[in-house]
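Observations on chain architecture
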Amino acid sequence: MKKIISIVLCLAMLMLLCACSGGNSLSAIQKKGKMTVATSPDFPPFESLEGGKIVGIEVDIMDLVAEKLGVETEFVQMDFESVLPGVQAGKFDVGMSGITVTEDRQKNADFTTPYFMASQAIVVLVDSPITCKADLEGKKISVQTGTTAEEYCMANGYEVLAYQANNDASSALTTGKVDAWVVDNEVAVALVAELGGQAKVLDEAMTQEPYAFAFAKGSGELVEAFNSALSELIADGSVEAIFENYGVPYVGP
């Protein structure tokens, strides 16, 4: 009897380990008929709210990929810093919000191949004496919490004020709380246009980095299927057409 109980306990532990170590599978998503997507819709034109609906470049790409995989999409709104942890915990099938692939993030999540090369832009007020990256020494910079902009600025010794939303980071600049705002270039262009001539994007970028979609660690089969669909959409021009539809030049990986 002791041997039987021991065997049963071992099998239970193995099943628990397998359940915890693997990511979400393609078959599981196809069985439920939908792909749950975690996102922070304060990142135009990649994702934003329009009449209560999440829209944007990544939304359109995700819908096309889901169609190729034979499932629908369900977008779940949250703060940016909650997207990756939620995906890593298996609460969501995939995460998107202009997510940059970094070595640290790859330790805890799986990523698709990059689909776009972005840059971190420096935004200042129109009458600011700051004209280039070198002028930021000793200045205060606003960023969004949990982003690579925050990581880069803190790692390089800048004085940083971090905010949950990009709109708040933008407001910190226009209200004089900071001297500059660092954010992804396409987002900077979109939000600066809404400021009515108060701010401008500098010609020199802070950094350059690749965007990709994130999955729970161990989602190899699902990532492979997603990559295959995404590659087809890049090759046939669908992804570039989506960028053009939003007035954004497409910069492939």
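Remember, predicted model here, so these are calculated numbers, not experimental data.

The rules behind the values
Residues numbered from 1 in each chain as written. Predicted model: local features only at pLDDT ≥ 70, side-chain atom pairs only at ≥ 80, totals over all residues. Heavy atoms only, no water. 1 Å grid on protein atoms, 1.4 Å probe; cavity = no way out; pocket = protein on both sides within 12 Å on 5 of 7 lines; lining within 4 Å. Points joined across faces, edges and corners; volume = space filled by probe spheres on them. Helix = DSSP H or I, 4+ residues; strand = E, 2+ residues; numbered from the N terminus. Nonpolar A, V, L, I, M, F, W, Y, C, P; charged D, E, K, R; others polar. Contact = heavy atoms within 4.5 Å. Phe/Tyr/Trp six-rings, centres within 6.5 Å; stacked < 30°, edge-to-face > 60°. Buried < 20%, exposed > 50% of the residue type's maximum accessible area, 1.4 Å probe, protein only. Arc of directions from axis to C-beta. Pairing = 2+ DSSP bridges. Salt bridge = Lys/Arg side-chain N within 4 Å of Asp/Glu carboxyl O.

Examining the layout of surface pockets
It is the rolling of a water-molecule-sized probe over the atoms that shows where space remains empty. The space that makes up the largest pocket amounts to roughly 150 Å³. Every residue along the wall of the largest pocket is listed here: Phe80, Glu81, Val83, Leu84, Pro85, Gln88, Asp104, Arg105, Asn108, Gly146 and Glu151. Elements that contribute at least two residues to the lining of the largest pocket include exactly helix H4 (80-88) and helix H5 (103-106). Residues of the lining of the largest pocket, tallied by class, amount to four nonpolar, three polar and four charged.

Examining the environment of Met35
Relative to the helices and strands, Met35 is located in strand S1 (residues 34-39). If sequence neighbours within four positions are ignored, Met35 has contacts with Ile29, Met62, Ala66, Leu69, Val71, Glu72, Thr73, Glu74, Asp93, Val94 and Phe226.

Some words on the packing of aromatic side chains
In this description, an aromatic ring pair is defined by two values, namely the gap between the centres and the angle between the planes. In this structure the tally under the stated criterion is 15 aromatic pairs. Each ring, one from Phe213 and one from Phe226, has its centre 5.4 Å from the other, and the planes form 55°; the classification is tilted. With Phe213 in the loop between strand S13 (207-211) and strand S14 (214-216) and Phe226 in helix H9 (residues 220-235), the pair connects residues that are 13 residues apart, well separated along the chain. Through successive ring pairs, a cluster of aromatic residues spans Phe43, Phe46, Tyr115, Phe116, Tyr211, Phe213, Phe215, Phe226, Phe243 and Tyr250.

Remarks on H4
Residues of H4 that are buried include every one of Phe80, Val83, Leu84, Gly86 and Val87, and no others. Across the axial projection of H4, the buried residues extend over an arc of 165°, all falling on one side. Each element contacted by the buried residues of H4 is listed here: S1, strand S6 (94-96), H5, strand S7 (109-111), strand S9 (140-144) and S14.

Considering the side chain of Thr36
In this structure, Thr36 sits in strand S1. A relative accessible area of 9% means that Thr36 is categorised as buried. Not counting residues up to four positions away in its chain, the partners in contact with Thr36 are Glu74, Val76, Phe92, Asp93 and Val94.

Re the sheet that holds strand S4 (residues 53-55)
As summarised here, the arrangement of the three strands in space is S2-S3-S4, forming an open sheet in which the pairing is antiparallel. Only two strands of the sheet have a single neighbouring strand rather than two, namely strand S2 (42-43) and S4.

A short note on the environment of Gly252
Tracing the chain through its elements places Gly252 in the segment after helix H10 (238-245). On the basis of relative accessible area, Gly252 is assigned to the partly exposed category, the value being 33%. Taking C-alpha positions, Gly252 is 23 Å from Leu191, a pair spaced 61 residues apart along the chain. Ignoring any residue separated from it by four or fewer positions in sequence, one finds Gly252 in contact with Tyr115 and Met117.

Brief notes about empty space enclosed by the protein
Tallied over the entire structure, the rule returns two cavities of 30 Å³ or more. Counted as a void, the largest cavity has a volume near 60 Å³. If you go around the largest cavity, you meet 13 residues; those closest to its centre are Phe80, Gly98, Thr147, Thr148 and Asp184. Residue composition of the lining of the largest cavity, grouped by class: three nonpolar, seven polar and three charged. The space that makes up the second largest cavity amounts to roughly 40 Å³. For the second largest cavity, the full set of lining residues is Phe43, Gln144, Thr147, Ala149, Asn166, Val182, Val183 and Asp184. No other element matches the three residues that strand S11 (residues 180-184) contributes to the lining of the second largest cavity. Class assignment for the residues of the lining of the second largest cavity results in four nonpolar, three polar and one charged.

Looking at the pattern of salt bridges
Going through the model one piece at a time under the given rule, you end up with five salt bridges. With a closest N to O distance of 2.6 Å, Glu74 and Lys34 form a salt bridge. Here Glu74 is found in strand S5 (residues 72-77), whereas its partner Lys34 is found in strand S1, with 40 residues between them in sequence. The closest approach of N and O atoms between Lys68 and Glu232, which form a salt bridge, is 3.0 Å. With Lys68 in helix H3 (residues 57-69) and Glu232 in helix H9, this residue pair connects regions lying 164 residues apart in the sequence. Judged by relative accessible area, which is 41%, Glu232 ranks as partly exposed.

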